[in-house]
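Results of the structural survey
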Amino acid sequence: MEALENLGVWGSILIAVVWSALPIVFILLYALVTLYAEMKIAAHIQDRLAYMRTGWHGTLQPFADILKLLQKEDTISSAADRKLFRLAPYVVFMGTYGAFSAIPFSSIYIGSNIDLGVFFIVAVSSLVVVGILMGGWASNNKWSIFGAMRSAAQMVSYEIPTALAILIAVMITGSLNLQDVTKFQEGGIHNWVVFGGPLPLTQKLLLIPFTLVTFIILFIASLAEVNRTPFDLPEAESELVQGFNTEYSGMRFAMFYLAEYANMFLVSAVTVALFLGGWTSPFGSFLSGPVWGLFWFIGKCLLLVFLQIWIRWTLPRLRVDQLMYTSWKVLTPFLFVCIFGVGLILVL
Amino acid sequence: MDLYIIVFYLFALITLASAAIVVISKNIVYSAFALLFTFFGVAGLYVLLMADFIAVTQLLIYVGGILVLLLFGVMLTTKVIRVDMRTATVRTFPAVVIVAALAGTLIGIFWSTDWPQSPASDGFERTIPQIGEMLLTSYLLPFEIASVVLLVALIGAAMIARRERKAL
């Protein structure tokens, strides 16, 4: 590191590039695992076997899928708006990847330890909405534009419950920086914000109902934010073919897919860092340390990702009006009550 | 060359180039999407001024809110591509006078100002606690008035939307 710093500008640029490229390595590996896991979990829930022929229990299938996507022709329909069509996958992935810079993977690794942390994540994720609208519109296909419109409307309205739920965690921990929020919850499972945080016992007991409700609402809202079932209206195969990415093929389609998987991890990571203790060990000082921190953090996130996949094969899709009803008339009022309750308890 | 200077020119270039597209482009959708990069570039410039909170708020409100709303507006209009953008020159003489006066003033300010060439401070200060404290102490009244105005606007928007439905 010191030798690089002596190189001056180029050294610092090199350090920045390497430091910021670490999450992409992780995302690619994670996407391979999740691609496989999603198909296998889906199959086993439906009493099927899924891939069995490519490698042991089909473990080589994700690599085969990637290879197939690499070989596919990059088609752009003649009526599409070529410039925006090409740009859209990058904008979507940029929004998702930008948010990874404020995720505390371990006590020693966080892309950028900025004070704004979770606020930055919420803000930069909104690039995804613009990218989806861009892709949907540029495709010049009615399914695509419908999917894009639905997706944008859904993500914008579910940003409100998400932000309110995040606000409640921030009220308890007193910081927007996810590294500080995680450190606040150190000391074991009973110190996690979902169980009231490390506060005096009476306050903690009073807080638990509110934090539990908030945690569940944040999870529901995050499902909608990443367009997963039961909120997969933007992709709704039976209605809209494939939604906003209908016209995409090959690697451009893969970019959308990767962004979706990365987004699933991202919302889980935010939930974990805010409510489930981030990289702290659930057993206090037992099995804790920077490397174990990485293990706990990724483990907790993958658990939530598994939950998202599980829900996909359990619940049917909501209608558009039910979607809006859930956001505005159920989740938001509940969160207002929670904010009021948490604020009152913290002041008393 | 300092890293700070490189990053500054990068963001300045992004902002200016995309802003030029917003103004020049004949396709209104291109203009709307180019605004994304303008907002992004301006947010980057705010970060370089050590105003991280303003930068992120800029992204949240302009990209996440206003730009999406704008895109919806543009996309829901029937004629998207060949909109009659009135870019013809009319009233040349008064326009020339006003533009010349404005340009003269701006260039005058540009030359007479002593532009700082480096960041105002070396590292980031924690701005959020200060902003929060200011909003709830010294600037409580403007803060509350702004929130009431926003609430009124929100209720007004809901009222207008409701009335239209009744008429149908």
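As the structure is a computational prediction, the values presented were derived from the model and not from experiment.

Across the contact, 23 residues belong to chain A and 19 residues belong to chain B. Elements represented by at least two residues in the side of chain A that touches chain B include exactly α2 (9-45), α5 (118-138) and α6 (142-173) of chain A. Tallying contributions element by element places α5(A) first for the side of chain A that touches chain B, with 12 residues. Its residues placed into classes, the side of chain A that touches chain B shows 19 nonpolar, 2 polar and 2 charged.

A separate point is the packing of helix α8 (residues 201-225) of chain A against helix α10 (residues 250-275) of chain A. Residue and element names in this part refer to chain A. One can describe the packing of α8 onto α10 by two numbers: an axis separation of 10 Å at closest approach and a directional angle of 165°. Taken as axis vectors, α8 and α10 run roughly antiparallel relative to one another. As α8 runs across α10, the sense of the crossing is right-handed. Of the residues in α10, those in contact with F215, L218, F219, S222 and E225 of α8 are V267, T271 and F275. Here the residues of the contact of α8 with α10 sort into 5 nonpolar, 2 polar and 1 charged.

What follows concerns the environment of L233(A). Residue and element names in this part refer to chain A. The topology assignment puts L233 in the loop between α8 and α9 (237-240). Taking the C-beta count within 10 Å as the criterion, L233 has 24 such neighbours and is therefore assigned buried. Between the C-alpha atoms of L233 and R86, which are 147 residues apart in sequence, the distance is 24 Å. Look past the residues within four positions of L233 in its chain and what remains in contact with it is R150, Q154, R317, V320 and L323.

So, on to unusual backbone geometry. Residues and elements named next belong to chain A. At D47, a residue that is not glycine, the phi angle is positive and equals roughly 60°. Looking at where D47 falls in the secondary structure, it is placed in the loop between α2 and α3 (61-71). For D47, a count of 6 C-beta atoms within 10 Å gives the class exposed.

On to the confidence of the model for chain B, then. Residues at a pLDDT of 70 or more form 84% of chain B, whose mean pLDDT is 82. Reported confidence for the predicted complex is 0.77 by ipTM and 0.85 by pTM.

This paragraph deals with the environment of P62(A). Residue and element names in this part refer to chain A. If you trace the backbone, P62 turns up in helix α3. Through-space distance from the C-alpha of P62 to that of L35 is 6.4 Å; in sequence the pair is 27 residues apart. When sequence neighbours within four positions are dropped, the list of residues in contact with P62 reads L32, L35 and Y36.

Cut-off values and rules
- Residues numbered from 1 in each chain as written.
- Chains lettered and ligands numbered in written order.
- Predicted model: local features only at pLDDT ≥ 70, side-chain atom pairs only at ≥ 80, totals over all residues.
- Contact = placed C-beta atoms within 7 Å.
- Helix = DSSP H or I, 4+ residues; strand = E, 2+ residues; numbered from the N terminus.
- Nonpolar A, V, L, I, M, F, W, Y, C, P; charged D, E, K, R; others polar.
- Axes fitted to C-alpha atoms, helices over the stretch in contact; angles between N-to-C directions.
- Parallel < 35°, antiparallel > 145°, perpendicular 65-115°, else oblique.
- Left-handed = near helix turned anticlockwise from the far one by under 90°.
- Buried ≥ 20, exposed ≤ 12 C-beta atoms within 10 Å, placed from the backbone.
- pLDDT = per-residue confidence, 0-100.

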